[in-house]
Amino acid sequence: MTPEDDRTEPPLTGGEVRLLTGFLEYQRQTLAWKCAGLTPRQLATRAVPTSELTLLGMVRHLAAVETGWLVGFGGLPGDIWPDVVRDRDEQFRVDPDAVTRQDVDAAWATWHAAADAVRKVVDQLPLDTADRPWGRHDEYSLRWILLHLVEEYARHNGHADLLREAIDGVTGE
């Protein structure tokens, strides 16, 4: 059964921050919608045999992506960020036979905390703020990072759509 689509469409007009964050929030809500109503085992299922991708792995990965790009950005305190799985392979490594509801709840809690931390960064810094994200040598503007996060979510939401269809036949946008 297709979960109710209660996503908020991105705004059609407004300032740059409103549009960027509106599209990012829409992409976040799309991931949550793709995962809605599934059991821990289904969320941890490798629905495509040739891939390590799982819906739960994507939740963990995207929390780490948001955190990785903005932790410590602009001199903001590091304590606003959740503790994420930093190893990319480990983010996706989920055993469907061992995953529990607590594992799923912890992944979602971390994902929500990362999104909240990004909102705090956006509320406190102008889009032109440039800094070197953790582990990177180049400076990036906050604007570039937000655009990249939209791109990252959109790409993975395409994967999520295919995984969800393979798991239980549910399709969507």
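Remember, predicted model here, so these are calculated numbers, not experimental data.

A. Just the overall build of the protein, in detail. Looking only at helices and strands, the protein has 6 helices and 2 strands in total. Each helix and strand of the protein, ordered N terminal to C terminal, gives the series α-α-α-α-α-β-β-α. Relative to the globule expectation of 16 Å for 173 residues, the C-alpha radius of gyration of the protein, 16 Å, shows essentially globular dimensions. Expressed as lengths along the three principal axes of its C-alpha atoms, the size of the protein is roughly 45 × 35 × 25 Å. Scored against the burial criterion, the 173 residues of the protein give a buried share of 44%. Just so you have it, the protein exposes about 9,000 Å², and 52% of that area is on carbon and sulfur atoms. Separation of charge centres in the protein, based on 18 positive and 29 negative side chains, amounts to 1 Å.

B. Fine view of the nonpolar core. Leu70 and Leu146 are the most contacted members of the largest nonpolar core, which totals 45 residues. Elements that contribute at least two residues to this core include exactly α1 (16-35), α3 (55-70), α5 (101-124) and α6 (142-168). Ranked by the residues each element gives to this core, the list is headed by α3, at 10 residues. With sequence-adjacent residues up to four places away left out, Leu70 is seen in contact with Trp81, Val118, Val121, Leu142, Ile145 and Leu149.

C. Molecular detail of the packing of aromatic side chains. In total, this model carries 4 aromatic pairs according to the counting rule given. Relative to Tyr140, the ring of Trp69 lies with its centre 4.9 Å away and its plane at 80°, an arrangement referred to as edge-to-face. Of this pair, Trp69 sits in helix α3 while Tyr140 sits in strand β2 (residues 140-141); the two residues are 71 residues apart in sequence, bridging distant segments of the chain. There is no split in this pair, since Trp69 and Tyr140 are both buried. Pairing Trp108 with Trp111 gives two aromatic rings, centres 4.9 Å apart and planes at 85°, and the pair type is edge-to-face. Of this pair, Trp108 and Trp111 both sit in helix α5, 3 residues apart, which is roughly one turn of the helix. On the basis of relative accessible area, Trp108 is assigned to the buried category, the value being 16%. The class for Trp111 is buried, based on a relative accessible area of 4%. One aromatic cluster is present, formed by Trp69, Tyr140 and Trp144 through successive ring pairs. Above the face of the Trp69 ring, Arg136 is positioned so that its terminal group lies 3.7 Å from the ring centre.

D. Looking closely at the packing of α5 against α6. Orientation of α5 relative to α6, taken along the N-to-C sense of each, is 150°, at an axis distance of 12 Å. Considering the angle they form, α5 stands roughly antiparallel to α6. For the crossing formed where α5 meets α6, the hand is left-handed. Of the residues in α6, those in contact with Trp111, Val118, Val121 and Val122 of α5 are Leu142, Leu146 and Tyr153. Among the residues forming the contact of α5 with α6, the class breakdown is 7 nonpolar, no polar and no charged.

E. View of the environment of Asp116. Inspection of the secondary structure puts Asp116 in helix α5. Sequence separation of Asp116 and Leu146 is 30 residues, and the distance between their C-alpha atoms is 14 Å. For Asp116, the side chain forms a polar contact with the side chain of Arg119, separated by 2.5 Å.

F. Layout of the environment of Val17. Mapped onto the elements, Val17 comes out in helix α1. Given the relative accessible area of 36%, Val17 is considered partly exposed. Distance in space between the C-alpha atoms of Val17 and Leu146 is 9.4 Å, their sequence separation being 129 residues. For Val17, the residues in contact, after removing those within four places along its chain, are Gly22, Val122 and Leu127.

Criteria and cut-off values
Residues numbered from 1 in each chain as written. Predicted model: local features only at pLDDT ≥ 70, side-chain atom pairs only at ≥ 80, totals over all residues. Heavy atoms only, no water. Helix = DSSP H or I, 4+ residues; strand = E, 2+ residues; numbered from the N terminus. Rg over C-alpha atoms; globule rule 2.2 N^0.38 Å. Buried < 20%, exposed > 50% of the residue type's maximum accessible area, 1.4 Å probe, protein only. Areas by Shrake-Rupley, 256 points an atom, 1.4 Å probe, with all protein chains shown as cover. Lys, Arg positive; Asp, Glu negative; His and termini not counted. Charge placed at Lys NZ, Arg CZ, Asp CG, Glu CD. Core = buried A, V, L, I, M, F, W, Y, C linked by side-chain atoms within 4.5 Å. Contact = heavy atoms within 4.5 Å. Phe/Tyr/Trp six-rings, centres within 6.5 Å; stacked < 30°, edge-to-face > 60°. Lys NZ or Arg CZ within 6 Å of the ring centre and 35° of its normal. Axes fitted to C-alpha atoms, helices over the stretch in contact; angles between N-to-C directions. Parallel < 35°, antiparallel > 145°, perpendicular 65-115°, else oblique. Left-handed = near helix turned anticlockwise from the far one by under 90°. Nonpolar A, V, L, I, M, F, W, Y, C, P; charged D, E, K, R; others polar. Polar contact = N/O pair within 3.5 Å; in protein donor to acceptor, adjacent residues only side chain to side chain.

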